[in-house]
Structures are given as structure tokens and as C-alpha cells.
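# Reading the structure
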Amino acid sequence: MDDRDGLIWLDGKWVDWRDAKVHVLTHTLHYGCGVFEGLRAYKTDAGTAIFKLAEHTDRLFRSAHIMNMKMPFSKEEINQAHRDAVAKNNLDSAYIRSMVFFGSEGMGLRADNLKVHVMVAAWTWGAYLGAENMEKGIRIRTSSYTRNHVNSTMCKAKANGNYINSILALQEALSTGYDEALLLDHEGFCAEGSGENLFIVRNGKIYTPETTSALEGITRDTLITIAREQGYEIIEKRITRDEVYVADEAFFTGSAAEVTPIRQYDNRDIGSGSRGPITEKLQALYFDYVQGRRADHKEWLTLVS
Ligand SMILES: Cc1[nH+]cc(COP(=O)(O)O)c(CN[C@@H](CCC(=O)O)C(=O)O)c1O
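Only a predicted model underlies this, so the values are computations on that prediction, with no experimental measurement involved.

### What to know about the layout of surface pockets
Reported here for the largest pocket is a volume of approximately 1200 Å³. Lining the largest pocket are 47 residues, with F36, R97, M99, M119 and W123 positioned closest to its centre. Along the lines of polarity and charge, the residues of the lining of the largest pocket split into 23 nonpolar, 15 polar and nine charged.

Structure, rendered in C-alpha cells:
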């Protein structure tokens, strides 16, 4: 990633991509105490627009608050940095990564007297789980790693260190022939994917795990709104792995993953073993919204210029 060209916003200044570096004694590099966001900008007829920018910035600030990191910029400044990161790099569509991190002023677990830094970068990033899988669907497995316990790491913070759990889970899934992992919480209920929220469809109703042990996904919120406006009943409940086994359909949601159908879980076909009709309908609606083809919910899109 560091050999690209472009500009990165770092602490209020634009820095050449290849010069956007930190000292090896940067605190967050050692301990993972930082927070980040991932969101997408899409090409629309009105121009390139970021999907749910305010919601992502709000979550970034909530995450920093949970981690006791005092944000040195306002929400407006961070929103503008996101817009400029897309515009200044001349991107028609983009994945945007913002991150808040502790500097190299000190070491140790006190994490006090450290400068809080913020960066925003944007680049083109295709289908997170493979373009062909957006239609075909992915194969997932139950991870042998339990989702972070709600009192071990802070699940409502999108915190860097939380992703050790996700990385181990995804690496294990990939190394054993699957596309993604589904992590169970410490009581054995389905929590979420390594980087996505889970939905299942059964008898025409749509279910999703409560976010107790999961990130409060913005795409999850979007799908709940879209589905309800389409007349579907959405039930947030504890979901067991075998409820997923016998579901008619299943899919993951995330800013990177968008809406990715799940065709198989733990070597069991989900429904017909392909993208289900309700998944297909909601996936198409999601892309209509993020690409500005719908007349409603225009508040979800922020033009970058
Ligand atoms: C653990 C987790 N759960 C759910 C979600 C979905 O949240 P939302 O994007 O607000 O709908 C994400 C986003 N995963 C990000 C990380 C991807 C990465 O590789 O990093 C993302 O989708 O940007 C998670 O990381």
C-alpha cells in the first residue's frame, strides 16, 4: 500500500502518500490502542458521493471516546477531510480509511501524555469478498476463535486492537478453504463475520444478531431500514449456528463487503446453495441507494465536491 501515489490527510495537512509515515515507537503501533473507520464513496449521476459520511464520523468519535482518545479535530473538519481525500486523489469511487492513533511521545500502558493523531486516506478497492461472489455467494465456516468478549475489548469501538481477533479468524478460514469466518460469542451464539454483520432469511422473515458482541454496523442499519421499507419483518435476536444452517438465505453486510450472499456455512448449503431472492433484491436496492439511483434517502449521500 505504501508505494502508491496520491495525498493523505495527516493531522490537518496533506502529505504525499509515500511520505505519510510514523516513527517505529508510535504507541498505537505497539499496543493497538487506536480507532478507525472504513467507508465508501460511489460514482453517482450527481458526482462522487460518500455513503453515510456523518454516521461513520459519529462512530469514529464514539470509538475514540470509548478508548479515552481526545479528538483534536471537529466532526466538520473530519468530514471535510474525508471528502477532500476522495477529491484530491481524483477518485470516482473509493474506499476511505480514517484512523485515530497515539503518537511516539511515550511508551507504556499508561498511554498518558500522548499526542492524538488523525489520518484519512482513500483508494480504489473493489468487491471486498470477490466480485464473482457478489452473485455466487461465499463459503464461510465457524471460527475456532471466539468473538471478543464484551468486557475484554470494547465491541462498540471500532478499535485497532479488536482486529487481532478478526485477522486470526479470517486467516484460519482462508487457510482451510473458506472465504470468510463467522465468529460466535462467548456463549456460542453467532456474533458477526471478521469484518461484517450477519443476516439470515427464514420463511420470508429476516433475522440479524443483536449487536451485543458485534460492531454496530452502519450497513446493517441501512439494510434494516431498506428491508423494513420494503415491508419485510426484521427480527434482532440471538442466533445459533444451526439456525443459520437451516436458513433459506444468509448474507453479510459491511462498508467493504457491501451485501455479500453466503451460499454455504460449515459445508452446509444455505437454502439452494446460491444467492437467495430476498438477498438479491436487498443487494440490488443497496447498490441503487449507494450509487444515487433512488429518489429517497438522499441524506445518505454526501457529494465530495
Ligand atoms: C467487525 C466488523 N463488523 C461489522 C462491520 C460492518 O460495519 P459497517 O461497515 O459499519 O457496516 C465491520 C466493518 N468492516 C470494515 C473493515 C474491513 C477491513 O478489512 O478493514 C469495513 O467494512 O470497512 C467490522 O469490521
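### Digging into the pattern of salt bridges
One pass over the structure, following the stated rule, counts 17 salt bridges. A salt bridge links R147 to E192, with the shortest nitrogen-to-oxygen separation between them at 2.8 Å. Residue R147 is found in the loop between β7 (138-142) and α5 (163-175), and its partner E192 is found in strand β9 (residues 190-193); the two are separated by 45 residues along the sequence. In this structure, R238 engages D185 in a salt bridge whose closest nitrogen and oxygen atoms are separated by 4.0 Å. Residue R238 is found in the loop between β12 (234-237) and α7 (241-245), and its partner D185 is found in the loop between β8 (180-184) and β9; the two are separated by 53 residues along the sequence. Judged by relative accessible area, which is 34%, R238 ranks as partly exposed.

### As for helix α2 (residues 53-66)
With 14 residues, α2 should cover 20 Å at 1.5 Å per step; its first-to-last C-alpha distance of 20 Å lies within 8% of that length. Buried residues in α2 make contact with β3 (34-44), β4 (47-51), α3 (75-87), β5 (94-102), α6 (218-229) and β16 (301-303). Backbone geometry just after α2 places N68 at a positive phi near 60°.

### Quick notes on the packing of aromatic side chains
In total, this model carries twelve aromatic pairs according to the counting rule given. With a centroid separation of 5.5 Å and an interplanar angle of 55°, the aromatic rings of Y95 and W123 are classed as tilted. Pair noted here: Y95 is in strand β5 and W123 is in strand β6 (residues 116-123), with a separation of 28 residues, a long-range link. Of the two residues, Y95 and W123, neither departs from the other in class, the shared state being buried. Through a chain of ring-to-ring contacts, the aromatic side chains of F51, Y286, F287, Y289 and W300 assemble into a single cluster. For K52, the ring lying beneath its charged end belongs to W300, and the centroid distance is 4.6 Å. In this structure, K75 is placed above the aromatic ring of F61, and the distance from its NZ or CZ to the ring centre is 5.6 Å.

### Examining the site of the ligand
The environment of the ligand is formed by 22 residues, the closest being R59, Y95, Y163, E192 and T219. Within the backbone of I218, one N or O atom sits 2.7 Å away from an oxygen atom of the ligand. Here A256 contributes a backbone N or O atom positioned 2.8 Å from an oxygen atom of the ligand. Judged by the fraction of its atoms near the pocket grid, the ligand is located in the largest pocket. Residue assignment for the shell around the ligand shows that the elements contributing at least two residues are β5, α6 and β13 (249-254). A breakdown of the residues in the shell around the ligand according to their chemical character gives seven nonpolar, nine polar and six charged.

### Some remarks on the sheet that holds β5
If you trace the seven strands from one edge of the open sheet to the other, you get β2-β1-β6-β5-β3-β4-β16, paired in antiparallel fashion. The open sheet terminates on both sides in strands that have one partner only, identified here as β2 (13-16) and β16. Neighbour-to-neighbour, the strand axes of this sheet turn through a mean angle of 30°, independent of strand direction. Summarising the sheet, β4 and β16 pair through three bridges and their orientation is antiparallel. Residue pairing in the sheet places F51 in a bridge with L301 of β16. Its contacts with the sheet put helix α8 (residues 277-290) on β3, β4 and β16, and the angle it makes with β3 is roughly 85°.

### Some thoughts on empty space enclosed by the protein
All told, the structure shown has three cavities of 30 Å³ or more when counted by the stated rule. For the largest cavity, the calculated volume is near 90 Å³. Lining the largest cavity are R147, N148, T153, C155, A157, K158, N162, Y163, E192, S213, A214 and L215. Considering only residue class, the lining of the largest cavity consists of five nonpolar, four polar and three charged.

### Comments concerning the pairing of β3
Most of β3 is tucked away: ten of the eleven residues are buried. Relative to β5, β3 runs antiparallel, the two sharing eight bridges. The residue of β5 that forms the bridge with E37 is S98. Across four bridges, the pairing between β3 and β4 is antiparallel. Across the sheet, K43 pairs through a bridge with T48, a residue of β4. Taking the residues between adjacent antiparallel strands as the criterion, β3 and β4 are bridged by two residues.

Cut-offs and rules
Think of each chain on its own: its residues are numbered from 1, step by step along the sequence as written. Reporting in this predicted model follows two pLDDT cut-offs: at least 70 for local features of residues, and 80 or more for side-chain atom pairs to be given and counted; totals over whole chains, interfaces and linings ignore these cut-offs and use all residues. By convention in this description, side-chain values take in all heavy atoms of the structure and omit both hydrogens and water. In this analysis, the protein atoms alone were mapped onto a 1 Å grid. Cavities are point sets where a 1.4 Å probe fits without being able to get out; pockets are open sets with protein on both sides within 12 Å along at least five of seven lines; lining residues have an atom within 4 Å of a point. Grid points are joined across faces, edges and corners, and a volume is the space filled by probe spheres set on the points. Side-chain classes are defined by residue name, with Ala, Val, Leu, Ile, Met, Phe, Trp, Tyr, Cys and Pro counting as nonpolar, Asp, Glu, Lys and Arg as charged, and the others, Gly among them, as polar. Every case where a carboxyl oxygen of Asp or Glu lies within 4 Å of a side-chain nitrogen of Lys or Arg is listed as a salt bridge. Helix and strand definitions follow DSSP, with helices as H or I runs of at least four residues and strands as E runs of at least two, each counted in order from the N terminus. Working definition: with a 1.4 Å probe on protein chains only, accessible area under 20% of the residue-type maximum means buried, over 50% means exposed, and in between means partly exposed. Each residue after the first adds 1.5 Å to the expected span of a helix. Working rule for contacts: check all heavy atoms of both residues, and any pair within 4.5 Å makes them a contact. Put simply, two rings from Phe, Tyr or Trp (the six-membered ring, in Trp's case) pair if the centres are within 6.5 Å, and we call them stacked under 30 degrees between planes, edge-to-face over 60, tilted for the rest. Only when the NZ atom of a Lys or the CZ atom of an Arg is both within 6 Å of the ring centre and within 35 degrees of the ring normal do we say a charge sits over the ring. A cutoff of 4 Å decides nearness: a residue is near a molecule or strand if any of its heavy atoms lies inside that distance of it. Here a polar contact means two N or O atoms within 3.5 Å. Within protein one must be a hydrogen donor candidate and the other an acceptor candidate, and residues neighboring in sequence count only if both atoms are side-chain atoms. More than half of a molecule's atoms lying within 2 Å of a cavity's or pocket's grid points is what places that molecule inside it. A pair of strands is treated as paired once DSSP finds two or more bridges between them. Axes here mean lines fitted to C-alpha atoms, for a helix over just the part in contact, with angles spanning 0 to 180 degrees between N-to-C directions.

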